[in-house]
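Here are the chains, one letter per residue:
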Amino acid sequence: MTTLQRYMPNLDRMVRVDRQDFDIAANWKVVAEDGIDGYHVFLSGPAHRAFGRFMDGHGLRMINRPDWILLHAGPGSPDSGVYDYRSNIGKGQTPDYVTFFLWPDLLIFTFPHVGAVWSFPMTPTGPERTHEEVVAYTPGGCALDEVTAAAVRWMAEVLGPEDVALNVGVQQGLRSPARRQGRLLIDAARGDMSEHAIHCFQACVLEALGRLPAGSAATLLSPPTEVG
Ligand SMILES: [Fe+2]
């Protein structure tokens, strides 16, 4: 909670103001991995690539903690086509891009210089189906300022649908007979292209299923010295 409030100082008085529902033809773990993955931002569709410029995508840090993962990047260019945050500098929750993944199935995130935070539970409704409620909250339920409204709109109408299509494509790929498994690539520097957060998530899954001994995921936590 303390770490959450560092980036979302009004967290304890947030009230729901907007909700978008998505039904995704993909397993919930596919959706969860998307939320904690850094490199797909640069390699997916135009909305993702714009987002990689909008935040400092190559400066993205993914920090594994017990039962939660933090993704954190400073702001990038306000001219990336996502939304122009310049009139909101100093007024939002944080100048940064921040996502918290709370094991096993909840994302809480916010974008640079907006007055809102979002929650994003990933509810399994079948082996290859997930229901998402992307809910936006503002302090006390106050009306969305122009910049925050633009962020809510972009999330609901641009990035959200592109992410859904991406998840469906990944699920279809998992069904391919061409491969049975792949390797996660971990960068020694744990940089923006590294899959160490997904590695930790998968270890949590396997531990929960009894396929790895208890404590396996704990060996993949980030050093306490990493800013989180
Ligand atoms: Fe994505």
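Use the structure listed above.
Residues numbered from 1 in each chain as written. Predicted model: local features only at pLDDT ≥ 70, side-chain atom pairs only at ≥ 80, totals over all residues.

Here's the deal with the nonpolar core
Then, number 1: Core analysis: the biggest nonpolar cluster contains 51 residues, and Ile 36, Ile 69, Ala 116 and Ala 151 have the highest contact counts within it.
Then, number 2: The residues touching Ala 151, leaving out its near neighbours within four places in the chain, are Tyr 83, Phe 111, Val 114 and Ala 116. (Core = buried A, V, L, I, M, F, W, Y, C linked by C-beta atoms within 7 Å. Buried ≥ 20, exposed ≤ 12 C-beta atoms within 10 Å, placed from the backbone. Contact = placed C-beta atoms within 7 Å.)

Structural notes on the packing of helix 4 (residues 46-54) against helix 5 (residues 146-174)
Then, number 1: Relative orientation of the contacting elements helix 4 and helix 5 amounts to 115°, with a least axis distance of 8 Å. Within the contact between the two elements, helix 4 uses Ala 47, His 48 and Phe 51 and helix 5 uses Val 158, Leu 159 and Glu 162.
Then, number 2: In terms of residue class, the contact of helix 4 with helix 5 is built from four nonpolar, one polar and one charged. (Axes fitted to C-alpha atoms, helices over the stretch in contact; angles between N-to-C directions. Helix = DSSP H or I, 4+ residues; strand = E, 2+ residues; numbered from the N terminus. Nonpolar A, V, L, I, M, F, W, Y, C, P; charged D, E, K, R; others polar.)

Topic: the pairing of strand 6 (residues 117-126)
Then, number 1: The pairing of strand 5 (residues 106-110) with strand 6 spans four bridges and is antiparallel. Considered in strand 6, the bridge of Leu 107 is made with Phe 120.
Then, number 2: Between strand 5 and the antiparallel strand that follows it, strand 6, lie six residues; His 113 among them carries a positive phi value of about 60°.
Then, number 3: In terms of strand pairing, strand 6 meets strand 7 (residues 129-139) through seven bridges, oriented antiparallel. Looking across to strand 7, one finds that Pro 124 is bridged to Thr 130.
Then, number 4: The hairpin formed by strand 6 and strand 7 contains two residues between the paired strands. (Pairing = 2+ DSSP bridges.)

Points about the sheet that holds strand 7
Then, number 1: On the basis of which strands lie adjacent, the open sheet formed by seven strands has the order 1-7-6-5-4-3-2 and antiparallel pairing. With one partner strand each, in any of the chains shown, strand 1 (14-24) and strand 2 (61-65) form the two edges of the open sheet. Each strand of the sheet is rotated relative to its neighbour by a mean of 15°, with strand direction disregarded.
Then, number 2: Note: strand 3 (residues 68-73) against strand 4 (residues 97-102), six bridges, orientation antiparallel. Directly across from Ile 69, in strand 4, lies its bridge partner Phe 101.
Then, number 3: Against the sheet, helix 2 (residues 28-35) touches strand 1, strand 4, strand 5, strand 6 and strand 7, its axis set at about 155° to strand 6.
Then, number 4: Sitting on the sheet, helix 6 (residues 196-208) is in contact with strand 2 and strand 3, with an inclination near 25° to strand 2.

Focus on unusual backbone geometry
Then, number 1: Along the chain, Trp 103 connects to Pro 104 via a cis peptide bond; the corresponding omega equals 5°.
Then, number 2: Position of Pro 104 relative to the elements: it lies in the loop between strand 4 and strand 5.
Then, number 3: Despite not being glycine, Asp 67 shows a phi value in the positive range, around 70°.
Then, number 4: Its identity as a non-glycine residue notwithstanding, Arg 190 has a phi of 55°, on the positive side.
Then, number 5: With respect to the helices, strands and loops of the structure, Arg 190 is situated in the loop between helix 5 and helix 6.

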